[in-house]
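Each chain, written out:
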Amino acid sequence: SSSLASATTKCLNGATGTVWFRDLSSTYNGRVTLRANWEPNEYTLTFDTAGAGSVAPIVATFGSVIALPEFPSKVGYHSTGWYKAGEDKPFHAVTMPAENLTLTARWEANRYTVHYRANDGTDAETTGTAVYDQDMTIGSCPFTRTGYTFVGWARKSDSTTSDYAAGEKQKNLT
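Quick notes on the rules
- Residues numbered from 1 in each chain as written.
- Predicted model: local features only at pLDDT ≥ 70, side-chain atom pairs only at ≥ 80, totals over all residues.
- Heavy atoms only, no water.
- Salt bridge = Lys/Arg side-chain N within 4 Å of Asp/Glu carboxyl O.
- Helix = DSSP H or I, 4+ residues; strand = E, 2+ residues; numbered from the N terminus.
- Buried < 20%, exposed > 50% of the residue type's maximum accessible area, 1.4 Å probe, protein only.
- Pairing = 2+ DSSP bridges.
- Axes fitted to C-alpha atoms, helices over the stretch in contact; angles between N-to-C directions.
- Core = buried A, V, L, I, M, F, W, Y, C linked by side-chain atoms within 4.5 Å.
- pLDDT = per-residue confidence, 0-100.
- Polar contact = N/O pair within 3.5 Å; in protein donor to acceptor, adjacent residues only side chain to side chain.
- Contact = heavy atoms within 4.5 Å.
- Phe/Tyr/Trp six-rings, centres within 6.5 Å; stacked < 30°, edge-to-face > 60°.
- Lys NZ or Arg CZ within 6 Å of the ring centre and 35° of its normal.

**A few points about the pattern of salt bridges**
It is possible for side chains bearing opposite charge to pair when their charged atoms get close.
Part 1 of the reasoning: In total, this model carries 4 salt bridges according to the counting rule given.
Part 2 of the reasoning: A salt bridge links Arg145 to Asp120; its shortest N-O distance comes to 3.8 Å. Linking Arg145 in the loop between β10 (136–137) and β11 (169–170) with Asp120 in the loop between β8 (111–117) and β9 (125–131), this pair joins segments that are 25 residues apart in sequence.
Part 3 of the reasoning: Judged by its relative accessible area of 63%, Asp120 falls in the exposed class.
Part 4 of the reasoning: Several salt bridges share partner residues, and in doing so they unite Lys84, Glu87 and Glu99 into one network.

Shown next, in the form of structure tokens:
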């Protein structure tokens, strides 16, 4: 008979054999050669944003071109990449892998510079470094101003009240 029944078998990475067919040109001395016909499987990439909103999953067939999504915003943080569980290097595939995966965003707290300005005192400025979501100790005043006593730090140069005291612990001054 020149027709054969369908057969499904998973034999090839990322594909399922869907049909065995008869290759009539390969009959020799009473032998018939059957060759597997493969169809790529469909897989899903799911994204765990680690608390920064949601990202739609990618559903695609094995080997098809994919583009990883942009990271959602997370106040005070920047992403270092999408990671497979247990891996230290970011996931950078450009084609769909042969497995369902959940990729997790890793976030690193932003570092920023705090500028302490003399505001008509001696010198111009000094700086300190802060890390988002971590306590920072407000610096002491290295400046002097004739006829005045330092009473604290203000966000605006024309402020008549202090927003922060030297030595005070603060988070997220941004």
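**Remarks on the sheet that holds strand β7 (residues 101–109)**
Part 1 of the reasoning: The 4 strands lie next to each other as β5-β4-β7-β6, forming an open sheet whose pairing is mixed. With partners counted over all chains shown, the strands left at the sheet margins are β5 (58–61) and β6 (77–83), one partner each. Strand-to-strand twist of the sheet, defined as the mean angle between neighbouring strand axes without regard to direction, takes the value 25 degrees.
Part 2 of the reasoning: In terms of strand pairing, β6 meets β7 through 6 bridges, oriented antiparallel. Within the sheet, the bridge partner assigned to Tyr77 lies in β7 and is Ala109.

**Here we look at the nonpolar core**
Part 1 of the reasoning: Grouped together as the largest cluster of nonpolar side chains are 15 residues, with contacts concentrated most on Leu45, Phe47, Ile58, Ile66, Trp82, Met96 and Leu103.
Part 2 of the reasoning: Looking at this core, the elements that each hand over two or more residues are β4 (42–48), β5 and β7.
Part 3 of the reasoning: Looking at this core, the element that brings in the most residues is β7, giving 4 residues.
Part 4 of the reasoning: One finds Ala109, Phe143, Trp153 and Leu173 within the second-largest nonpolar core, a separate group that totals 14 residues.

**Thoughts on the confidence of the model for the protein chain**
Part 1 of the reasoning: When pLDDT is averaged along the protein chain, the result is 86, and 83% of the positions lie at 70 or above.
Part 2 of the reasoning: At the low end of the mean pLDDT range in the protein chain sits strand β1 (residues 9–12), at 55; at the high end sits β4, at 97.

**Quick notes on the side chain of Ser79**
Part 1 of the reasoning: Structurally, the position occupied by Ser79 is in strand β6.
Part 2 of the reasoning: A polar atom in the side chain of Ser79 sits 3.1 Å from the backbone nitrogen of Gly81.
Part 3 of the reasoning: Here Arg106 takes part through its backbone oxygen, which lies 3.2 Å from a polar atom of the side chain of Ser79.
Part 4 of the reasoning: Every residue in contact with Ser79, bar those within four places of it in the chain, is listed here: Phe71, Ala105, Arg106 and Trp107.

**Observations concerning the packing of aromatic side chains**
Part 1 of the reasoning: A complete count under the given rule lists 7 aromatic pairs for this structure.
Part 2 of the reasoning: Taking 6.2 Å as the distance between ring centres and 75 degrees as the angle between the ring planes, the aromatic pair formed by Phe71 and Trp107 counts as edge-to-face. Taken as a pair, Phe71 in the loop between β5 and β6 and Trp107 in strand β7 lie far apart in primary sequence, 36 residues in all.
Part 3 of the reasoning: Among the aromatic residues, ring-to-ring pairing joins Phe47, Phe71, Trp82 and Trp107 into one connected group.
Part 4 of the reasoning: The ring of Tyr77 has Lys74 sitting right over it, with the charged end atom 5.1 Å from the ring centre.
Part 5 of the reasoning: Just above the ring of Tyr83 sits the side chain of Arg106; from NZ or CZ to the centre is 3.8 Å.

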